[in-house]
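Summary of structural features
Residues per chain, in single letters:
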Amino acid sequence: MAKFKLFFAIFSIVLICLMLFGRFYLSKQQSFNYIYQDFKLEPQDYNLLLGTSTIKRIDKLATCDGLTWLNRGFVNTHMAEIIFYIEHSKVESVRNILIYAGENHIRAFEEPEETSQLYIALINLLKSKYPDAHIVVVGIKPSPARAKLWDKFKRVNFNLRYQAEQEKQFTFYSNWSDEPASLNLFLDDGVHLNAQGYHYFFPIKELFC
């Protein structure tokens, strides 16, 4: 019995290590892929979509004529990997940046204040690297599958809105009222948005045109 418990404990530790390594490898692989893609881009003004899988899943944008958007959405990653990508990207000129992040942090049991601080660190990095860019942060959405986390989501949104009010370079946008969002805006997983949901939470034309 004791040997079985020891074996099970070792097996559990190895499994957790493999899962963490897999997650780390996936995040870093995404970062390096984007850095390599950026290295091959022609010099010009770009517009940047930045964030988690909610950004990654934006496959078609109703945008202003003449704007070239780079989709740099990361699947199942955290703010540190997004910051790592920005630090090493070779894109030099960016006019507009749209960011959606933070939901994964809260889901991983990180507190709203810590998430807010990381978010603001990312924004400050973007302001430093792209001083002429207009930065729009979309507030964390009320994903039905994560209803237990909504109070924490709201706290992060409050902190970001307050920060945006103190400066001119970035804007905070949220279309989340006090009422829960309609389930018709989400896919069956209750986390990701359908086409109607993107139109509701990410009104690109209104934000950038």
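For the structure, check the block above.
Keep in mind that what you see is a predicted model, and the values were worked out from it rather than measured.

Our next topic: the overall build of the chain. Each helix and strand in the chain was counted, giving eight helices and five strands. When the helices and strands of the chain are listed from N to C terminus, the series reads α-β-α-β-α-β-α-α-β-α-β-α-α. The 209 residues of the chain split such that 48% are buried. Here the chain has roughly 11900 Å² of accessible surface; of this, 58% comes from carbon and sulfur atoms.

Moving on: helix α6 (residues 150-165). Relative to the 22 Å expected for 16 residues at 1.5 Å per residue, α6 spans 22 Å between its end C-alpha atoms, a close match to the ideal helical length. Those residues of α6 lying buried are Trp 150, Phe 153, Val 156, Asn 157, Asn 159, Leu 160 and Ala 164.

A few words now on the sheet that holds strand β3 (residues 94-100). If you trace the five strands from one edge of the open sheet to the other, you get β2-β1-β3-β4-β5, paired in parallel fashion. The sheet terminates laterally at β2 (69-73) and β5 (170-173), the two strands that pair on one side only. Averaged over all pairs of adjacent strands, the angle between strand axes in this sheet comes to 15 degrees, irrespective of strand direction. Sheet topology note: the β3/strand β4 (residues 134-138) ladder contains four bridges and is parallel. The residue of β4 that forms the bridge with Ile 99 is Val 137. Against the sheet, helix α3 (residues 79-88) contacts β1 (46-51) and β2, and its axis sits at roughly 155 degrees relative to β1. Packing of helix α5 (residues 112-129) onto the sheet brings it into contact with β1, β3, β4 and β5, and relative to β4 it is tilted by some 160 degrees.

For a regular strand, side chains alternate in direction, first toward one face of the sheet and then toward the other. In terms of burial, β3 is largely enclosed, as six of its seven residues are buried. Bridging between β1 and β3 involves six bridges; their strand directions are parallel. Bridge assignment links Leu 50 to a residue of β3, and that residue is Ile 99.

Formed by 57 residues in total, the largest nonpolar core has its most connected members in Ile 97, Leu 98, Leu 122, Leu 126, Val 137 and Phe 202. It is α3 that contributes the most residues to this core, six residues altogether. Filtering out sequence-adjacent residues up to four positions away, Leu 122 remains in contact with Leu 50, Met 79, Ile 82, Ile 83, Ile 86 and Ile 99.

A word on empty space enclosed by the protein. The tally for this structure, following the rule as stated, stands at one cavity of 30 Å³ or more. Here the largest cavity defines a volume of roughly 30 Å³. For the largest cavity, the full set of lining residues is Leu 48, Leu 70, Tyr 85, Ile 86, Ser 89, Val 91, Val 94 and Tyr 130. Residue composition of the lining of the largest cavity, grouped by class: seven nonpolar, one polar and no charged.

What follows deals with the side chain of Glu 103. Mapped onto the secondary structure, Glu 103 falls in helix α4 (residues 103-107). We classify Glu 103 as buried; its relative accessible area is 3%. A distance of 3.1 Å separates polar atoms of two side chains, one belonging to Glu 103 and the other to Lys 141. Not counting residues up to four positions away in its chain, the partners in contact with Glu 103 are Ile 140, Lys 141, Ser 143, Arg 146, Phe 153 and Val 191.

Conventions used here
Residues numbered from 1 in each chain as written. Predicted model: local features only at pLDDT ≥ 70, side-chain atom pairs only at ≥ 80, totals over all residues. Heavy atoms only, no water. Helix = DSSP H or I, 4+ residues; strand = E, 2+ residues; numbered from the N terminus. Buried < 20%, exposed > 50% of the residue type's maximum accessible area, 1.4 Å probe, protein only. Areas by Shrake-Rupley, 256 points an atom, 1.4 Å probe, with all protein chains shown as cover. Expected span 1.5 Å × (residues − 1). Pairing = 2+ DSSP bridges. Axes fitted to C-alpha atoms, helices over the stretch in contact; angles between N-to-C directions. Contact = heavy atoms within 4.5 Å. Core = buried A, V, L, I, M, F, W, Y, C linked by side-chain atoms within 4.5 Å. 1 Å grid on protein atoms, 1.4 Å probe; cavity = no way out; pocket = protein on both sides within 12 Å on 5 of 7 lines; lining within 4 Å. Points joined across faces, edges and corners; volume = space filled by probe spheres on them. Nonpolar A, V, L, I, M, F, W, Y, C, P; charged D, E, K, R; others polar. Polar contact = N/O pair within 3.5 Å; in protein donor to acceptor, adjacent residues only side chain to side chain.

Just geometry here; none of it tells us what the structure is for.
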